[in-house]
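Next come the chains, spelled out residue by residue.
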Amino acid sequence: MPTAAFTTLGCKVNQYETQKILESFEAQGFEIVPFESPADVYVINTCSVTQSAEAKSRQTIRRASRRNPDAIVVMTGCYAQFTLRRGERLQEAHLVVPNPEKLRTVEYLLEHFPQLKERLERERPPEGTPVKRRSRAVLKVQDGCNVFCSFCSIPYTRPVLRSIPYQEVLEEARAMAADGYREIVLTGVLIGDYGAHSGSGGPDLAGLCQILTEIEGLERIRISSIEPTLISDALIELIAEHPKMCHHLHIPLQSGDTGVLKAMNRPYDQAFYLDLCRRLRARIPDIAISTDIMVGFPDEDEGAFLNTCKVVEEVQFVRAHLFRYSPRPDTPAEAMDDHVPDTVKTERIQRLQAVAKEAAKRYTLRFIGRTERVLVETRSKLSGLMAGTSDHYLQVEFAGSPSLVGQLVQVRILDLSGEGVLGEIV
Ligand code: SF4
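Rules behind the numbers
- Residues numbered from 1 in each chain as written.
- Predicted model: local features only at pLDDT ≥ 70, side-chain atom pairs only at ≥ 80, totals over all residues.
- Heavy atoms only, no water.
- Salt bridge = Lys/Arg side-chain N within 4 Å of Asp/Glu carboxyl O.
- Helix = DSSP H or I, 4+ residues; strand = E, 2+ residues; numbered from the N terminus.
- Buried < 20%, exposed > 50% of the residue type's maximum accessible area, 1.4 Å probe, protein only.
- Phe/Tyr/Trp six-rings, centres within 6.5 Å; stacked < 30°, edge-to-face > 60°.
- Pairing = 2+ DSSP bridges.
- Axes fitted to C-alpha atoms, helices over the stretch in contact; angles between N-to-C directions.
- Contact = heavy atoms within 4.5 Å.
- Polar contact = N/O pair within 3.5 Å; in protein donor to acceptor, adjacent residues only side chain to side chain.
- Right-handed = clockwise from strand over helix to strand, strands pointing away.

Visitor: Can you walk me through the pattern of salt bridges in this structure?
Guide: Side-chain pairing between opposite charges can occur once the charged atoms of the two side chains come close. One pass over the structure, following the stated rule, counts 33 salt bridges. When the shortest N-O distance is used, the salt bridge between R283 and E237 registers 2.7 Å. With R283 in helix α11 (residues 270-283) and E237 in helix α9 (residues 233-241), this residue pair connects regions lying 46 residues apart in the sequence. On the basis of relative accessibility, which here comes to 31%, the residue R283 falls in the partly exposed class.

Take a look at the structure:
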């Protein structure tokens, strides 16, 4: 069968969309292979949130083309859309699918490369060929943002807030569980707004999660990035009480300095963020909190940077995604003065990385000797051990058989290891 490989840059919404694209390729009969393998088709779902995300998108496309010079390289996503708008052309990309059309990527591909369509018809596998074991699925339940952070262009491109009706979400989640997925990660651009602007009178995010917990076969529900001001008490209670809810939230901080947060037009200050994390840990001891932090926003001076370090030290994020600020076209921040020099951004990223690593270690150490429920996802290429993610978002490796992929197992945590932990099945 023709093979296809996929990779995603950027946010969870992009990941969800890649998954949908991948499923449409599977439905056409493509065999899905890892992105590091030789493939007939490479699909890169690109991102343009920063200049570095754009550069990574280009590098990934070139890498795919080098891996198999005969492959068809397809790009879609936000960066692909930018290149179309600017009339740019990347030599290594054979097909550029406009971002709003990305879920139709396979149709575009087969239309432009009819030889692939003929091959699929010739090599279709016999009926009843077993489906590969799955583990975690991403499910998009909301789109659009109206927060207008001064560095972000999303509210200009996706200004309409839309919640997917809960009946549709339920149907899709049931299908995912029936397909063998044990965990669903709920995602959206502004997921905490779920239900508020739909006008449907349907549930809010906590209500939606409650409904999804009743799906048979679905063992875990995780919420992807949620804005700090949109975490309701009802959601905190549900996470605390329901065994299917992962004890993990990804809450973007962006900056720990109140002045910088104001310049970013983020609707909270340092005290609000810290108070939220304290309340969460008071109700759900040891809840894992991960985050995104932007370094080098205009006007971020040394004092402001140290305030961010302080929040990282106190909250002890299980993981912090750090990225340097770069101006995005047509955003208010682009016009701001006092841009922090690149050398300073690099130096601050390195310092913050060290602080975040130490704080994550302190958070993780409390799990040594404890047993965590781990969803087995893959066999690590590096260590040869099985690898998966725990309820508390720990990356856990342990000795075991590849037949465990897709299963939830109890693992005793023994030691720290790189970015994750080592354990043994109990
Ligand atoms: S909340 Fe801010 S950063 Fe997130 S999508 Fe909306 S405007 Fe962009």
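From this point, the discussion proceeds with the structure in view.
Visitor: For this particular structure, what's the right way to read the packing of aromatic side chains?
Guide: Given two aromatic rings, their pairing is described by the distance between the two centres and the angle made by the two planes. Throughout the structure, instances matching the rule amount to nine aromatic pairs. Seen in terms of ring centroids, F35 and Y42 are 5.3 Å apart; in terms of plane orientation they differ by 75°. Their pairing is edge-to-face. The rings of F6, F25 and F30 are connected pair by pair, giving a single aromatic cluster.

Visitor: Help me understand the sheet that holds strand β15 (residues 395-398) in this model?
Guide: Two strands in a sheet stick together by hydrogen bonds in their backbones, pointing the same way (parallel) or opposite ways (antiparallel). With mixed pairing, five strands are arranged side by side around a closed barrel as β13-β14-β15-β17-β16. Taking the axes of each pair of neighbouring strands and ignoring which way they run, one obtains an average angle of 50° across the sheet. Pairing of strand β16 (residues 408-417) with strand β17 (residues 420-425), which is carried by six bridges, proceeds in the antiparallel orientation. When the bridges of β17 are listed, I413 appears paired with G423.

Visitor: Just to check I follow, could you spell out the environment of S326 for this structure?
Guide: Mapped onto the fold, S326 is located in the loop between β12 (319-324) and α13 (342-365). Expressed as a C-alpha distance, the spacing of S326 and E17, which sit 309 residues apart in the sequence, is 25 Å. Discounting residues that sit within four places of it in the chain, S326 has contacts with T50 and Q51. A distance of 2.8 Å separates the side chain of S326 from the backbone nitrogen of Q51, its partner in a polar contact.

Visitor: Mind showing me how you'd approach the pairing of β12 here?
Guide: Consecutive side chains along a regular strand alternate between the two faces of the sheet. The pairing of strand β11 (residues 288-295) with β12 spans six bridges and is classified as parallel. Counted as the bridge partner of S290 is R319 from β12. With helix α12 (residues 302-315) bridging β11 and the parallel β12, this β-α-β connection has right-handed handedness.

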